[in-house]
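# Examination of the molecular architecture
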Amino acid sequence: MDIIAYLASPASFVHLATLCYVLGLLTRNELILRTFLMSGSLFYILYYYNIGDRPLWEAIVASSLIALSNVPVIVRIFKERSTFGMSDEMLTLYRSFPNFNPGQFRRLMRKAQFVTVDQSTELLHQGIQPTHLYLTTSYGFSLIRDELKTELGPDNLLGEISFLLGGPATATVIAEAGCSYVAWEVSDLRDLMQRSQNIENAVTVLLSQDIARKLAVSFPQKSARPPLIVDLPKAVTPPL
Ligand SMILES: Nc1ncnc2c1ncn2[C@@H]1O[C@@H]2COP(=O)(O)O[C@H]2[C@H]1O
């Protein structure tokens, strides 16, 4: 049989369908797997349509349902991996989350509040447990610790130390009139992290990197509290 006749015959469709299924099942990449499974189902549909005197409609409907069931998952994977449809404002903000994939970033942003301050507002108070974590998106933030004061600009996380350590704020932060920030309720963030291990990892890395960046330009005024030393029970030597 020459190649043209073979490609036009129903046998080629079933061979291609099988090849797609086999290649799909050999990969661990979910997008490729689902694309192969869908292509395999489409070749089966062509096969069932052409194999007999009349199309095998029952088999065509079954294969169509199998092919279609891949579509929502393929769309979801695309949305996870692509910034398609994000506004310019979101794309700019996304640069502050380099270790998040677009899907994780979208989930995080669904919990965010975007605030522009019209009068001077205290966001964090030294010694008091914060209710929110903040990301500055403009200049105009005053950071006050004990008798020291400095100004902070955009792209700074605020409240990440108490978020990670579970203690009170280590400084007071005041947002001056006109400045803007993004805020997350601590409880929403913890909830999100509890539901997704990947988001928990991404948030932890983001906060740790922010602290490391701040530490790189600070000098200790006093020594940090030493690690807690716990008296562990002595190991019992089993009798011989
Ligand atoms: N040296 C610093 N440089 C920049 N930001 C700081 C510094 N010290 C404290 N902060 C911020 O001020 C916040 C006060 O609340 P947290 O201690 O939770 O987290 C703190 C940091 O986000």
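Residues numbered from 1 in each chain as written. Predicted model: local features only at pLDDT ≥ 70, side-chain atom pairs only at ≥ 80, totals over all residues. Heavy atoms only, no water.

Keep this limit in mind: UniProt positions are given in the numbering used here, feature names are shortened, and annotations may be inferred rather than shown by experiment.
Under the Sequence similarities (unreviewed entry) heading, UniProt states for the protein chain: "Belongs to the popeye family."

## With respect to the site of the ligand
The line we're drawing: The cutoff for a nearby residue is simple: one of its non-hydrogen atoms must lie within 4 Å of the molecule or strand. Polar contacts, as counted here, are pairs of nitrogen or oxygen atoms within 3.5 Å of one another; within protein the pair requires one atom able to donate a hydrogen and one able to accept it, and residues that are adjacent in sequence qualify only if both atoms are side-chain atoms. Here the Shrake-Rupley method, with its probe set to 1.4 Å, supplies the accessible areas, and only the displayed protein chains count as covering residues. In this text, helices come from DSSP runs of H or I with a minimum length of four residues, and strands from runs of E with a minimum of two, each type numbered from the N-terminal end. Any residue that is not Ala, Val, Leu, Ile, Met, Phe, Trp, Tyr, Cys, Pro, Asp, Glu, Lys or Arg is counted as polar, Gly included; the first ten are nonpolar and the last four charged.
Close to the ligand lie 15 residues, the nearest being R145, G159, E160, S162 and T170. One of the backbone N or O atoms of L157 is found 3.3 Å from an oxygen atom in the ligand. Between the ligand and the protein, one listed contact pairs an oxygen atom with a side-chain N or O atom of T170 at 2.6 Å. Across the complex, the protein chains shield 89% of the 450 Å² of accessible surface that the ligand would expose by itself. Going through the elements one at a time, β4 (141-145), β6 (157-158) and α7 (160-165) are the ones with two or more residues in the shell around the ligand. The element best represented in the shell around the ligand is α7, accounting for three residues. Grouping the amino acids of the shell around the ligand by side-chain chemistry returns eight nonpolar, four polar and three charged.

## Let's talk about the nonpolar core
Generally speaking, a soluble globular protein has its nonpolar side chains buried in company with each other. What counts is decided by this rule: What we call a nonpolar core is a set of buried Ala, Val, Leu, Ile, Met, Phe, Trp, Tyr and Cys residues that are connected through their side-chain atoms within 4.5 Å. Residue burial is assigned from relative accessible area. The probe radius is 1.4 Å, only protein chains are included, and a residue is buried under 20% of its type maximum, exposed over 50%, and partly exposed in between. In what follows, residue pairs with any heavy atoms lying within 4.5 Å of each other are defined as contacts.
Within the largest apolar cluster, 24 residues are counted, with the highest numbers of intra-cluster contacts made by F97, F100, L108 and W184. Put simply, the parts of the chain that give this core at least two residues each are α5 (88-94), α6 (102-110), β3 (132-136), β8 (180-185), α8 (186-195) and α9 (197-215). Take this core: its biggest share by element is five residues, from α9. When residues no more than four places from it in sequence are discounted, the contact partners of L108 are F97, F100, W184, L189, L192 and V203.

## A closer look at the sheet that holds β6
Just so we agree on the cut-off: In this description, strands pair whenever DSSP reports at least two bridges between them. Axis definition: a line fit to C-alpha positions, over the contact stretch in the case of helices; interaxial angles, taken between N-to-C directions, run 0 to 180 degrees.
Pairing is antiparallel in the open sheet, where four strands are placed in the order β1-β8-β3-β6. Of all strands in the sheet, those with a lone pairing partner are β1 (113-116) and β6, marking the two edges. The sheet contacts of α8 involve β3 and β8, and relative to β8 the element is tilted by about 60 degrees.

## Examining the domain arrangement of the protein chain
For clarity, the cut-off: Those domain boundaries reflect an automatic or database domain assignment.
Domain boundaries assigned for the protein chain yield domain 1 (3-81) and domain 2 (88-236). The straight-line distance from the C-alpha centre of domain 1 to that of domain 2 is 48 Å.

## Topic: the UniProt feature "transmembrane region" (unreviewed entry) in the protein chain
Feature annotation in UniProt assigns "transmembrane region" (unreviewed entry) to the following positions: residues 6-24, 31-50 and 56-78. Here residues 6-24 runs as 95% helix and 0% strand, with 23 Å between its end C-alpha atoms. Spanning residues 56-78, this segment combines 96% helix with 0% strand, and its end C-alpha atoms are found 33 Å apart.

## Some remarks on the packing of aromatic side chains
Put simply, the rule reads: Classification of ring pairs uses Phe, Tyr and Trp, with its six-membered ring standing for Trp, and accepts pairs whose centres are within 6.5 Å; under 30 degrees between planes counts as stacked, over 60 as edge-to-face, and the remaining range as tilted. Comment: the charge-over-ring label is applied if NZ (Lys) or CZ (Arg) is within 6 Å of the ring centre and within 35 degrees of the ring normal.
Under the counting rule described, the total for this entry stands at ten aromatic pairs. Seen in terms of ring centroids, Y94 and F105 are 4.8 Å apart; in terms of plane orientation they differ by 45 degrees. Their pairing is tilted. In this pair, Y94 is assigned in helix α5 and F105 in helix α6, connecting sequence segments eleven residues apart. By the burial criterion, Y94 is buried, and F105 matches it. Three or more aromatic residues joined by ring pairs form one cluster here, namely Y94, F97, F100, F105 and W184. We note R190 situated over the ring of F163; from NZ or CZ to the ring centre the distance is 4.1 Å.

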